[in-house]
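# Report on the structure
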Amino acid sequence: METTLAQHIVTDLPQVTALGIIIKAIIILAVISAIAGFGTYIERKVLAFMQRRLGPMHVGPFGLLQIAADGIKLFTKEDIIPQNANKFIFMIAPIITAATAFIALSSVPVFPDFTIPEFIPLLGGVFVPSIASDLNIGILFVLGMMAAGLYGPLLAGMSQANKWGIIGAARTAVQFLSYEVVTGLSILAPIMLVGSLSFVDFNNYQQEGVLSWMIWQQPVAFVLFLIAGFAETNRTPFDLLEHEAEVVSGYATEYSGMRWGMFFIGEYANMITISIIASIVFLGGYDSASMFGWLTIMLKIAFFFFLMLWVRAAWPHVRPDQLMWLCWKVLMPLALVNILITAIVMMV
Amino acid sequence: MSLEQFKNRNVGIHTYKTLDVGTPPNTGMEKFTQVVTRAVKGELFVGLWVVMREMINTLVKGDVHTVKYPFEKMPISPRYRAIHDMLRLLESGNYRCIGCGLCEKICISNCISMDTRYDEEQRKEVSEYTINFGRCIFCGYCAEVCPELAIVHGPRYENASEQRAGYSLFEDMLTPIDKLNLQQEYDGFGAVSPNADENITQTPLAY
Ligand code: SF4
Ligand code: SF4
């Protein structure tokens, strides 16, 4: 596998330059932030329709400019830092969330690779890869980065001298302790089958049509990974960190303006990352051979994104102790049994 | 009927119906079985389907329950008790109020104040008439007591203002003379019953 991949890169693809990677990084930042903004609009609309409402309607056609209005509001709002807060940590916590979310995105394939046409001055002919950095331990890196992202809520909650924040931080710890083991173990079985941690290998493993998708071989792992993914991005039914009805806004209670916005962008970027991982690892990823390969993975990602909104509209959320109970006593044993069975089947 | 029912002050409880929700699980195994049965039964997917059905209904059938309030308004009941109107006689256009003062007398929040005088034909007429809507509780007594169906409740319910006290003068509430043909009778408090004609009997000449 290793040699064929290396040959593939050497023979078929142009040289990946530092400039190309920088351009790629800028594209990821810009596009994912824009999608995150658009995601809030989609979320409001979908939730509204599911509750027989209209959602944002007044700013622009069908409320489309609501995103711009929200952006202006977030940027121009006063940045309040509470008096008794640990100011440095309070200021840096949202940056941790947003930064780790985007760093995680640097090693998943987003958008097809392309070469900038020659006629553009300065940048002409630069090859922009689909993955900013194709690590051979891609999955491990992404999961690790997303896990590190939880330092954001944890530090934010503890630094802001607010009791809701403290509860939010405590819940972050509970959540982190619960889902992390399930994420790792659930994705271990597919990793064993593929024998690699690189997203490209996962993608190539499932290229023989729909029936070769990992979801048919590893349905249990798929469900477990989805559940853990929901917990990881703290979406309903595991939105314990900032559930308004219980802890006001949890770790984000004292935040305002752009610092709050960074938490938000980080959360949406994480949603996109989890959607991408689920599509590549379990639903066949992109079909690099055909023209529409990138369209199919966009559809898959959109489906997972929609699923998150859908679940939010339909299901109540669980208590922190229930989450811990669920993860340690139900999901982890299931994941272990799944790994065991996979190993036995692979050996036989 | 026994006295028991009158003595029971817990009015809320004796009409309650207890639902059969089963017993909560106690042992670990019972809890586990509950989780497994709930997970396998697909109750969660019923929930997913319900919201999806609503979304399809909203998008396809336009089954939306949003009222874009300042631009569109829900119809209100004809008996709704909002800001008062003063009606006119349909034939002559004179106002119906005869200055009897019953509304002022009955108003329980004491917010109507009026003054009367004799006009040139020695008939009583209102010279001043004010309702303080900061105090009015829209109970409808004034409309009910009015013998002439003069003061009634109108359909104007948007009465936000900058200060608590808000006074309406007689002329503010009176039907404009050029809108007389649009004047609506009020169906609520004090209105004539639909079979009023049948109930009228001749006054005997002597007792
Ligand atoms: S509605 Fe009630 S409170 Fe208001 S003016 Fe009439 S009698 Fe007074
Ligand atoms: S009760 Fe009717 S007729 Fe009498 S003063 Fe009031 S509005 Fe006029």
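The following refers to the structure shown. (Residues numbered from 1 in each chain as written. Chains lettered and ligands numbered in written order. Predicted model: local features only at pLDDT ≥ 70, side-chain atom pairs only at ≥ 80, totals over all residues. Heavy atoms only, no water.)

Residues and elements named next belong to chain B. Taken in spatial order, the three strands line up as 2-3-5 in an open sheet, and their pairing is antiparallel. Lying at the two open borders of the sheet, with one neighbouring strand each, are strand 2 (112-118) and strand 5 (167-169). Averaged over all adjacent pairs, the angle separating strand axes in this sheet is 15 degrees, with direction ignored. Note that strand 3 (residues 124-132) and strand 5 share three bridges and pair antiparallel. Across the sheet, residue Ile-131 finds its bridge partner in strand 5, namely Ser-168. (Pairing = 2+ DSSP bridges. Helix = DSSP H or I, 4+ residues; strand = E, 2+ residues; numbered from the N terminus. Axes fitted to C-alpha atoms, helices over the stretch in contact; angles between N-to-C directions.)

Bringing a nonpolar patch on the surface into the picture now. The grouping of Val337(A), Leu340(A), Ile341(A), Ile344(A), Val345(A) and Val348(A) at the surface amounts to a nonpolar patch, some 620 Å² of accessible area in total. The residue Ile344(A) is located in helix 14 (residues 320-347) in this model. (Patch = residues over 30% accessible without salt bridge, like charges linked within 9 Å, V, L, I, M, F, W, Y side chains within 5 Å. Areas by Shrake-Rupley, 256 points an atom, 1.4 Å probe, with all protein chains shown as cover. Salt bridge = Lys/Arg side-chain N within 4 Å of Asp/Glu carboxyl O.)

The description of two packed helices rests on the angle between their axes and on the distance between the axes. All names here are of chain A. Orientation of helix 5 (residues 138-148) relative to helix 7 (residues 163-194), taken along the N-to-C sense of each, is 170 degrees, at an axis distance of 12 Å. Here helix 7 runs roughly antiparallel to helix 5, going by the angle between their axes. Contact residues: helix 5 offers Ile-139, Leu-143 and Ala-147, while helix 7 offers Phe-176, Tyr-179, Glu-180, Thr-183, Ile-187 and Ile-191. Tallied by class, the residues present in the contact of helix 5 with helix 7 amount to seven nonpolar, one polar and one charged. (Parallel < 35°, antiparallel > 145°, perpendicular 65-115°, else oblique. Contact = heavy atoms within 4.5 Å. Nonpolar A, V, L, I, M, F, W, Y, C, P; charged D, E, K, R; others polar.)

On to the interface of chain A and chain B. At the junction of the two partners, chain A supplies 15 residues and chain B supplies 17 residues. Between chain A and chain B, the buried area comes to about 1,700 Å², and carbon and sulfur atoms account for 78% of it. When the buried surface of chain A facing chain B is broken down by residue, Phe49(A), Arg52(A) and Trp315(A) rank first, second and third, together holding 39% of it. Here chain A and chain B share one salt bridge between them. Here Arg52(A) makes a salt bridge to Glu54(B), at a shortest N to O gap of 2.6 Å. Between chain A and chain B we count six residue pairs in polar contact (both at pLDDT 80 or more) in total. For the side of chain A that touches chain B, the secondary structure elements donating two or more residues are helix 2 (18-50) and helix 13 (293-314) of chain A. (Buried area = accessible area lost by both parts, 1.4 Å probe. Polar contact = N/O pair within 3.5 Å; in protein donor to acceptor, adjacent residues only side chain to side chain.)

It is possible for side chains bearing opposite charge to pair when their charged atoms get close. Residues and elements named next belong to chain A. Enumeration over the complete set of coordinates arrives at 13 salt bridges over all chains. The shortest N-O distance in the salt bridge between Glu-246 and Arg-171 comes to 3.0 Å. Taken as a pair, Glu-246 in helix 11 (residues 244-247) and Arg-171 in helix 7 lie far apart in primary sequence, 75 residues in all. Since its relative accessible area comes to 36%, Glu-246 is described here as partly exposed. Several salt bridges share partner residues, and in doing so they unite Glu-43, Arg-235, Glu-267 and Arg-312 into one network. (Buried < 20%, exposed > 50% of the residue type's maximum accessible area, 1.4 Å probe, protein only.)

Below, the discussion takes up the pairing of strand 2 of chain B. Residues and elements named next belong to chain B. Sheet topology places strand 2 next to strand 3; seven bridges connect them, and they run antiparallel. Each bridged residue has a counterpart across the sheet, and for Asp-115 the counterpart in strand 3 is Glu-128. Linking strand 2 to strand 3, which pair antiparallel, is a turn of five residues; within it Gln-122 sits at a positive phi near 60 degrees.

Counting 79 residues, the largest nonpolar core has Ile139(A) and Ile277(A) as its most contacted members. In this structure Ile277(A) touches Val108(A), Val142(A), Leu143(A), Ile187(A), Phe199(A), Phe225(A) and Phe282(A), once residues within four positions along its chain are discounted. Counting residues in each nonpolar core, the second largest holds 21 residues, with Val126(B), Tyr129(B), Phe170(B) and Met173(B) among its members. (Core = buried A, V, L, I, M, F, W, Y, C linked by side-chain atoms within 4.5 Å.)

Another aspect to go through is helix 2 (residues 28-41) of chain B. Relative to the 20 Å expected for 14 residues at 1.5 Å per residue, helix 2 of chain B spans 20 Å between its end C-alpha atoms, a close match to the ideal helical length. Phi turns positive one or two residues past the end of helix 2 of chain B, at Gly42(B), with a value near 80 degrees. (Expected span 1.5 Å × (residues − 1).)

A separate point is unusual backbone geometry. Even without a glycine there, the phi angle at Asn234(A) is positive, about 30 degrees. Counting through the fold element by element, Asn234(A) comes out in the loop between helix 10 (219-232) and helix 11.

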